[in-house]
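Examining the three-dimensional arrangement
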Amino acid sequence: MTSNGPFPRHLPDSTSDPEAISRNDWEAFAELDHLRDHWSVKQWAPGRTGYYWYLTFDDPDLVDFAAECQNGLGLTGIDAVPSDGLHITVRSVGDTTAVTSEQVDTLVSLARERLSEVKPFDLTIGPLSGSRSAIRFSVAPWDPLLDLQRILSACSDQLSSERTTRDVPDPSYRFRPHLGIAYNNTDRAAAKVIAAVAALRRPERVSVRVNTVELVVLRRDGRCYRWDTRAAIPLGG
């Protein structure tokens, strides 16, 4: 399977059905022959920081669920996501060197206005799956997340007068919602990791409530992502 493009490459049969989403995630992961070192694949210049739209989670049931899976993997060569680092990336905005403070203020204002019309929603997290360089939970349904990304993308586009619908593709075509719990830190055959993940897959899922979207300033500390919140915007005003 190609190492470029979204993963899974194909969309699920349904973006609302948790079973269709988790099946699509798992089938794509189970077909992999090789896993990549996440930190090499995801290039990040020293000292770089960037703006991202995040959903962050501290729900105790989810924290426990993630820790149980991390501890149960029994694998070397992975970097677990800290309990206070669980998140879903909705959209990147740009490097902090390329986006001015005034643009950030305008972006937050636009997002606050548009997200006031979006109602809070629930997500189910699980079962466990993976990607080309990470171990992660499936997330369902996708529909409210796809809508959220389109809204935030429209806010970003409004800041750039030179961009047009004609030459800017819909960013949602690459968006595959997921929640990572560990990053693979070495190039290796995939079979052992897939088997370890398969042993931990179970039908139970954790439900979480999404009522806030955060614009964060993201950095990479060693083999870990960390962030500071620039703005926390409640859904529904």
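The structure contained in this document is the topic of the report that follows. (Residues numbered from 1 in each chain as written. Predicted model: local features only at pLDDT ≥ 70, side-chain atom pairs only at ≥ 80, totals over all residues. Heavy atoms only, no water.)

Our focus in this paragraph is the overall build of the protein. If you tally the helices and strands in the protein, you get 6 helices and 11 strands. Computed over its C-alpha atoms, the radius of gyration of the protein comes to 18 Å, within 12% of the 18 Å expected for a compact globule of 237 residues. Overall, the C-alpha framework of the protein stretches about 50 × 35 × 35 Å when taken along its three principal axes. Counting every position in the protein, which comprises 237 residues, the buried fraction comes to 48%. For the protein, the exposed area adds up to about 11600 Å²; of that, 46% sits on carbon and sulfur atoms. Charged side chains of the protein number 27 positive and 32 negative; the gap between the two group centres comes to 4 Å. (Helix = DSSP H or I, 4+ residues; strand = E, 2+ residues; numbered from the N terminus. Rg over C-alpha atoms; globule rule 2.2 N^0.38 Å. Buried < 20%, exposed > 50% of the residue type's maximum accessible area, 1.4 Å probe, protein only. Areas by Shrake-Rupley, 256 points an atom, 1.4 Å probe, with all protein chains shown as cover. Lys, Arg positive; Asp, Glu negative; His and termini not counted. Charge placed at Lys NZ, Arg CZ, Asp CG, Glu CD.)

Relative to the 20 Å expected for 14 residues at 1.5 Å per residue, helix 3 (residues 60-73) spans 20 Å between its end C-alpha atoms, a close match to the ideal helical length. Within the sequence span of helix 3, burial applies to Leu-62, Val-63, Phe-65, Ala-66, Cys-69, Gln-70 and Leu-73. Axial view of helix 3: buried residues confined to an arc of 165°, hence all on one face. Turned more than 90 degrees off the buried face of helix 3, the exposed positions are Pro-60, Asp-61, Asp-64 and Asn-71. Looking at the buried side of helix 3, the elements it contacts are strand 3 (78-80), strand 5 (121-130), strand 6 (134-140), strand 7 (178-184), helix 6 (191-200) and strand 9 (206-210). Where helix 3 begins, the capping side chain belongs to Asp-59, and its oxygen is found 3.0 Å from the backbone nitrogen of Asp-61. Positive phi shows up at Gly-74, right after helix 3, with a value of about 60°. (Expected span 1.5 Å × (residues − 1). Arc of directions from axis to C-beta. Contact = heavy atoms within 4.5 Å. Polar contact = N/O pair within 3.5 Å; in protein donor to acceptor, adjacent residues only side chain to side chain.)

By the element assignment, Ile-181 lies in strand 7. Here the alpha-carbon distance between Ile-181 and Ser-83, two residues 98 residues apart in the chain, equals 8.9 Å.

With their axes 10 Å apart at the nearest point, helix 3 and helix 6 run at an angle of 135° to one another. Between helix 3 and helix 6, the angle falls in the class oblique. Seen along the crossing, helix 3 lies across helix 6 with a hand that is right-handed. Contacts between helix 3 and helix 6 involve Cys-69, Gly-72 and Leu-73 on the former and, on the latter, Ala-196, Val-197 and Leu-200. (Axes fitted to C-alpha atoms, helices over the stretch in contact; angles between N-to-C directions. Parallel < 35°, antiparallel > 145°, perpendicular 65-115°, else oblique. Left-handed = near helix turned anticlockwise from the far one by under 90°.)

Look at the link from Phe-7 to Pro-8: it is a cis peptide, with omega at -5°. Between Gly-126 and the following residue, Pro-127, the backbone shows a cis peptide bond with an omega angle of 0°. With respect to the helices and strands, Pro-127 occurs in strand 5.

The side chains of a regular strand alternate between the sheet's two faces. Along strand 9, the buried face is formed by Val-206, Val-208 and Val-210; none of Ser-207 and Arg-209, which line the opposite face, is buried. In this structure, strand 5 lies alongside strand 9, joined through 5 bridges in antiparallel fashion. Bridging from a neighbouring strand, Asp-122 pairs with Arg-209 of strand 9. (Pairing = 2+ DSSP bridges.)

We now examine the sheet that holds strand 4 (residues 87-95). Read across the open sheet, the 4 strands follow the order 4-2-10-11; overall the sheet is antiparallel. Single-partner strands in this sheet number two, and they are strand 4 and strand 11 (225-234). For this sheet, the mean angle separating the axes of adjacent strands, direction not counted, is 30°. As paired strands, strand 2 (residues 49-56) and strand 4 are joined by 7 bridges and run antiparallel to one another. From the neighbouring strand, Tyr-51 faces strand 4, where its bridge partner is Gly-94. Its contacts with the sheet place helix 4 (residues 101-115) against strand 2, strand 4, strand 10 (212-220) and strand 11, and it is angled at close to 50° to strand 11. Its contacts with the sheet put helix 5 (residues 143-159) on strand 2, strand 4 and strand 10, and the angle it makes with strand 4 is roughly 15°.

Moving on: the packing of aromatic side chains. Summed over all chains, the structure comprises 9 aromatic pairs. Judged by centre distance (6.3 Å) and plane angle (55°), the ring pair of Tyr-52 and Tyr-54 falls under tilted. For the pair Tyr-52 and Tyr-54, a shared accessibility class is recorded, and that class is buried. By way of ring pairs, the aromatic residues Trp-39, Trp-44, Tyr-52, Tyr-54, Tyr-183, Tyr-225 and Trp-227 are connected into one cluster. (Phe/Tyr/Trp six-rings, centres within 6.5 Å; stacked < 30°, edge-to-face > 60°.)

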